[in-house]
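One letter stands for each residue in the lines below.
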Number of protein chains: 2
Amino acid sequence: MLAMETIQYNLPQSRIPQAWYNIQADLPQPLAPPLHPGTLKPLGPEDLAPLFPMSLILQEVSTEREIEIPAEVRQIYAQWRPAPLMRARRLEKALDTPAHIYYKYEGVSPAGSHKLNTAVAQAYYNKVDGTKRLSTETGAGQWGSALAMASAFFGLECKVYMVRVSYDQKPYRRALIEAFGATVTASPSQETESGRAILAEHPESRGSLGIAISEAVEVAAKDPQTKYALGSVLNHVLLHQTVIGLEAMEQMAMAGDEPDVIVGCTGGGSNFAGLAMPYIGQKLKGKSKARVVAVEPSACPSLTKGRFTYDFGDTAHLTPLVKMHTLGSTFVPPGIHAGGLRYHGMAPLVSHVLDLGLAEAVTVQQLDAFAAGIQFARAEGIVPAPESNHAVAAAIRQALEAKAEGKARTVLFNLSGHGHFDMQSYLDYQAGKLENYEYPEEEIAMALAGLPSLG
Amino acid sequence: MLAMETIQYNLPQSRIPQAWYNIQADLPQPLAPPLHPGTLKPLGPEDLAPLFPMSLILQEVSTEREIEIPAEVRQIYAQWRPAPLMRARRLEKALDTPAHIYYKYEGVSPAGSHKLNTAVAQAYYNKVDGTKRLSTETGAGQWGSALAMASAFFGLECKVYMVRVSYDQKPYRRALIEAFGATVTASPSQETESGRAILAEHPESRGSLGIAISEAVEVAAKDPQTKYALGSVLNHVLLHQTVIGLEAMEQMAMAGDEPDVIVGCTGGGSNFAGLAMPYIGQKLKGKSKARVVAVEPSACPSLTKGRFTYDFGDTAHLTPLVKMHTLGSTFVPPGIHAGGLRYHGMAPLVSHVLDLGLAEAVTVQQLDAFAAGIQFARAEGIVPAPESNHAVAAAIRQALEAKAEGKARTVLFNLSGHGHFDMQSYLDYQAGKLENYEYPEEEIAMALAGLPSLG
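Since this is a predicted model, take the numbers as computed values, not measurements.

1. Regarding the side chain of Gln24 of chain B
All names here are of chain B. With respect to the secondary-structure elements, Gln24 resides in the loop between β2 (19–21) and α1 (45–48). Polar contacts involving the side chain of Gln24 include one to the main-chain carbonyl oxygen of Glu60, which spans 3.1 Å. When sequence neighbours within four positions are dropped, the list of residues in contact with Gln24 reads Leu31, Gln59, Glu60, Ser62, Thr63, Asn235 and Leu349.

Below is the structure:
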C-alpha cells in the first residue's frame, strides 16, 4: 500500500484555545481613541453602554494580552473548533509549484464562516449581562445567520435587518436565519424612524448596509433590553477571531512547517485579523518573519487607496469616528459579488498594523477571484465564498511567484467560509456575466474630499 | 474555569479505515442473485461489463470480509475523513432526556453528504480501468455533485442527467455540479433515444429519476469509453459507505459508550447501510446488541409496506431484477421534499438484513421530519438535509421513549448531509405550505399487482 501524504492537521477538542490574544498588549504604539460623533472628543465606556454590554466595551479598550474565553463559549466552539488546518496538496500539484500551501478552513462552522467565532462570544456576554434581544444588520447574510444561531444557543431573541436587495435576492440565506428562530426584516422598513424616513423619500429603496445599521442601532438605543451586535471592524470582534491564528500556529507546528506568507481577505478586517494578529504578535517578539498580506477587492481598495484618518463607520454618521483606512463614508462600492468586502473603511486595528509596517495590502479583481475559486474547488473540493476567493487568488499568486523563482515558500491563508449560499454568483461567473471594476478614482476622491475635518 | 463537556470525538487522518467491511462475508444466508432483464436468468459479471469497470463488478459479488481501500481513495477521504462523531448534548438538554444522543456527521464532506464516499471510490476504479467519462443521473443533486467532484479529482469527464424539475427548481445545485467542471443536461433531453422518445410523446415532461437513469445508461452502453455510476442501492455502493460505521465504532469507544439503537434514513439504503452494516456484523458475532432502525418516509414506505420480491430497479425496466423490498417499479412516490428517499425499491442488502430480522423499519411523516430538523438546528447549529431529518426525527423519538421510561438509552444516528441546498423546503415548511402524505395504499396495490411474475 502506498503511504498517504498528510493533508489534515486536526487538534482535539481539548486544544481549543483557553484565551483570545489581544494585540493591543503588544503594539509599539497604541491605537488612536474613537471619538464621539457629536463632541468629537474621545469616547468613554459609558457612551457605548446603550448599545453594548459592559464586558464587551471593556474588551474593546483592554490592553491585557490574554483574555480568557469563557467555558460556555469554548463549549459551543467545540461544535466545530479547533477548525481544520489543511495542506492543499492537490492545488500545489495543479500549480506545479514548489510552494507549500496551507489553509485554515473556517467554513466548517455550522454557520459556514468565521463569523460564528464572535457571534457566540457576543451572545454569551449579552446573556450574562441580562440582554433579552440582539439587533443587527446583515448584507450578504453570513453575519446574520451566525448571530441568529448564537442567539438560539443562548435563548436570546434576535432581530436582523437585512438589506432589501439581499432579502429579495437571497431567500435561502433568510431561510437559514429564520430556521434558527430569528426575525428577519427587509431594510429599510416601517419599523423604525430611520427606515420610515428613507421610505418616505425613496419608497422603492433597495437599502444599504448603512441604512440597516441605522435601523438596528435605533432599535437597540430605544430599548434597554435590546443590544446591538456588529460582525466586524471593532476591536472586540477581531479579538474573538484570534482563535483562528492561535490554533493555526499549533497546527503548523504539527505540520513541521513555518509560514513565510500569511494571507487573508479584508472587508471589515475580522477574518484577516483572526489569522494574522497572533502571528504579528510573534513578529513583534522576533519569533516570526512571516510577511502578512491583506487582500482587498480592486473595487473597494480601502487599504491600498484609502486615507488613514478619522472617519465615521456608517454613511448616516451616527457611529463614533475611528482612525482607519477609509475611502470616505459616503463612498458606495461597486456591486461586486463579495458583499462582505464592500465596506468603505477598515478595522482600526488592521489599519494600525498596516500603518506600522507590520502588514501589507494587495488587490484582486473580481474575475481573478472567481477564477481562483473555481481552480480551488476543482483541486480541493471546496467552493469558497466570493469573499474568500480573494484570499485564494492571492495565495495562488504567491505560489506562482515561488514557482517562477524556483524557490520554496510556505503560504498560509484563511479560507473564511464556503460559498453554498452564493451559488448565484458562480452561475453568473460561469455564464460570463461578471466583470472587473476599475478603481473608481473620481468617486473615491469625492468621498475623501468629504471626510470630516477635526479642526 | 468550568470543565468542558466532551461533544466531539475526532480521529486523526491516520485512522481512516484501511478496508471497507463487506457484510456478504458474514450473512447467515447469501443474497439472492440479480436476474437478467431479458432472460430472467442469474446475471454473470460480463453482463454488467458495458456499464461498470470489472473491479466494481467483482466487489458487487465479493464475499471477502475486508476489501482494501486503495491509498489514492484514502488520500482523498483525508479531505474530510474521519468524519466527526458528535454528542448532541444541547439537544439532549432541550429534550430533557436521560438518553445519550450521538450523530455521525457526513455533511462535512465537501460535497455536503455521504455520497462522496462512494463517488471517490467509483471514480478511482473507473480511472484505473481506463474509463474516460462517467455518466449518471441525479434528482435532488447530492449524488450529481459528489460524482462531479470525484471526477474532477481524477481527471474524468462527467455527464449528469438531472431530472428536469430539479434542474429548473434547483439552479444552485446545478451551479455546484458545473463548478466542478461536469456537464449537466436537463432530462428528458434530445441527446438520447430514450430522451427523444419521451419528448416526442410528452414535450412538456418534467422528467423522473427513471427517465434520467435510462438516458445515463444509454450513453454509457453506447460508448466504450463511458461508464455508468449509481449513487445507492448496489452492493458495491453500500460497501464504500461502511467507512461511516467503522469510524463510528472507534469513536464510540473513545466516548466510552455503546449504542443501544442505531438509526439511519433509507431511500436507496446507502447511508443507513454505511453506518449499520459494521454494527450488524458485530451483532452476528454476538458482540453488539444494538437495535438497528431504518427510517423511511410515510409517503414511500418500501420497507414497511412493500413486498420482498424480485423487481426492476427502474420504471422503464432496463435494469436487472433484484430481490428487494419494493412498492412496485411503476409506483411514483408523492412529491415530498426529501427527494433522495423517493425510490420505489430498497437496496437488496438492506432488504435482506431486514428480512433476516437483523434490522427493523419505521416511518416518519414529512411535517414531523421538518419539525425535528428545526429543533435539531436550533440546538446543534446544523440544518440537516430533508432526507436526514427523518433520521433526526426517529432519534428524537427514541430519546423521548427513554425519557418516558425514565431509563438511559444510547442512540447513534447518521446525519447524512446538510440542507444548504434545500432551503426552499425549509421556507415552504416555515410558511406552512408542506403537508403530510397518507400512505398511498391504492397506488401501491396497483403497482404491486404489476410486479413481474417469475413463473
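2. Quick notes on the packing of aromatic side chains
Under the counting rule described, the total for this entry stands at 25 aromatic pairs over all chains. Judged by centre distance (5.8 Å) and plane angle (75 degrees), the rings of Tyr77 of chain A and Trp80 of chain A are edge-to-face. The exposure classification of Tyr77 of chain A matches that of Trp80 of chain A, with both residues buried. Residues Trp20 of chain B and Tyr125 of chain B carry aromatic rings whose centres are separated by 6.5 Å and whose planes lie at 50 degrees to one another, so their mutual orientation is tilted. Separated by 105 residues along the polypeptide, Trp20 of chain B in strand β2 and Tyr125 of chain B in helix α5 (residues 115–128) bring together distant segments of the chain. Here Trp20 of chain B matches Tyr125 of chain B in class, with each residue buried.

3. Topic: the pairing of strand β15 (residues 410–415) of chain B
Residue and element names in this part refer to chain B. Where burial is concerned, most of β15 is hidden: six out of the six residues are buried. Where strand β5 (residues 100–105) and β15 come together, six bridges link them in parallel fashion. Within β15, the position partnered with Tyr103 by the bridge is Phe413. Here strand β10 (residues 261–265) pairs with β15 via three bridges, running parallel. When the bridges of β15 are listed, Ile262 appears paired with Leu412.

4. Some details on unusual backbone geometry
Residues Arg81 of chain A and Pro82 of chain A are joined by a peptide bond in cis, for which omega reads -10 degrees. Here Pro82 of chain A lies in the loop between α3 (71–77) and β4 (85–87). A cis amide bond, omega 10 degrees, links Ser187 of chain B with the succeeding residue Pro188 of chain B. Phi is positive for Leu40 of chain A, which is not a glycine, with a value near 60 degrees. You can call Leu40 of chain A partly exposed: its relative accessible area is 35%. Here Asp96 of chain A, not a glycine, exhibits a phi torsion of approximately 50 degrees, which is positive. Its location among the elements puts Asp96 of chain A in the loop between α4 (89–95) and β5 (100–105). Classification of Asp96 of chain A as exposed rests on a relative accessible area of 57%.

5. Focus on the sheet that holds strand β6 (residues 133–138) of chain A
Residues and elements named next belong to chain A. The strand order across the open sheet formed by four strands is β8-β7-β6-β9, and the pairing between neighbours is parallel. The sheet is open, and its two borders are formed by β8 (183–187) and β9 (226–228), each paired with just one other strand. The mean inter-strand angle of the sheet, taken between neighbouring strand axes irrespective of direction, is 25 degrees. Both β6 and strand β7 (residues 157–163) contribute to a ladder of six bridges, which runs parallel. Paired with Thr138 across the strands is Met162, a residue of β7. Running at roughly 165 degrees to β6, helix α6 (residues 142–154) makes contact with β6 and β7 of the sheet.

6. With respect to the relation of the copies chain A and chain B
The two copies are related by a screw operation: chain A maps onto chain B through 180 degrees of rotation and 0.0 Å of translation along the axis, at an RMSD of 0.0 Å. Such a combination of rotation and displacement between the chain copies is what one expects of a two-fold axis. For chain A, the residue whose C-alpha comes nearest the rotation axis is His420 of chain A, separated from it by 3.2 Å. Interface overlap between copies: 100% of the residues of chain A at the interface are likewise at the interface in chain B, consistent with a symmetric, same-surface contact.

7. Let's talk about the pattern of salt bridges
Should their charged atoms come close, side chains of opposite charge can pair. Under the definition given, this model contains 38 salt bridges over all chains. When the shortest N-O distance is used, the salt bridge between Glu247 of chain B and Lys104 of chain B registers 2.7 Å. Of this pair, Glu247 of chain B sits in helix α12 (residues 243–255) while Lys104 of chain B sits in strand β5, placing them 143 residues apart in sequence. One exposure class covers both Glu247 of chain B and Lys104 of chain B, and it is buried. The salt bridge involving Glu360 of chain B is made with Arg291 of chain B; its shortest N-O contact spans 2.9 Å. Of this pair, Glu360 of chain B sits in strand β14 (residues 360–364) while Arg291 of chain B sits in strand β11 (residues 291–297), and the two are 69 residues apart along the sequence. Looking at Arg291 of chain B, the relative accessible area reads 34%, which means it is partly exposed. Three or more residues joined by partner-sharing salt bridges are found here, namely Arg81, Lys104, Glu106 and Glu247 of chain A.

8. A short note on the pairing of strand β11 (residues 291–297) of chain A
All names here are of chain A. Among the seven residues in β11, six count as buried, and that is most of the element. Where strand β10 (residues 261–265) meets β11, five bridges bridge the pair, whose relative direction is parallel. Bridge pairing in β11 places Val263 opposite Val293. Traced from β10 through helix α13 (residues 270–284) to β11, the parallel crossover comes out right-handed.

Definitions and limits used
- Residues numbered from 1 in each chain as written.
- Chains lettered and ligands numbered in written order.
- Predicted model: local features only at pLDDT ≥ 70, side-chain atom pairs only at ≥ 80, totals over all residues.
- Heavy atoms only, no water.
- Helix = DSSP H or I, 4+ residues; strand = E, 2+ residues; numbered from the N terminus.
- Polar contact = N/O pair within 3.5 Å; in protein donor to acceptor, adjacent residues only side chain to side chain.
- Contact = heavy atoms within 4.5 Å.
- Phe/Tyr/Trp six-rings, centres within 6.5 Å; stacked < 30°, edge-to-face > 60°.
- Buried < 20%, exposed > 50% of the residue type's maximum accessible area, 1.4 Å probe, protein only.
- Pairing = 2+ DSSP bridges.
- Axes fitted to C-alpha atoms, helices over the stretch in contact; angles between N-to-C directions.
- Least-squares fit on C-alpha atoms with pLDDT ≥ 70 in both.
- Salt bridge = Lys/Arg side-chain N within 4 Å of Asp/Glu carboxyl O.
- Right-handed = clockwise from strand over helix to strand, strands pointing away.

Taken by themselves, the reported measurements are silent on function.
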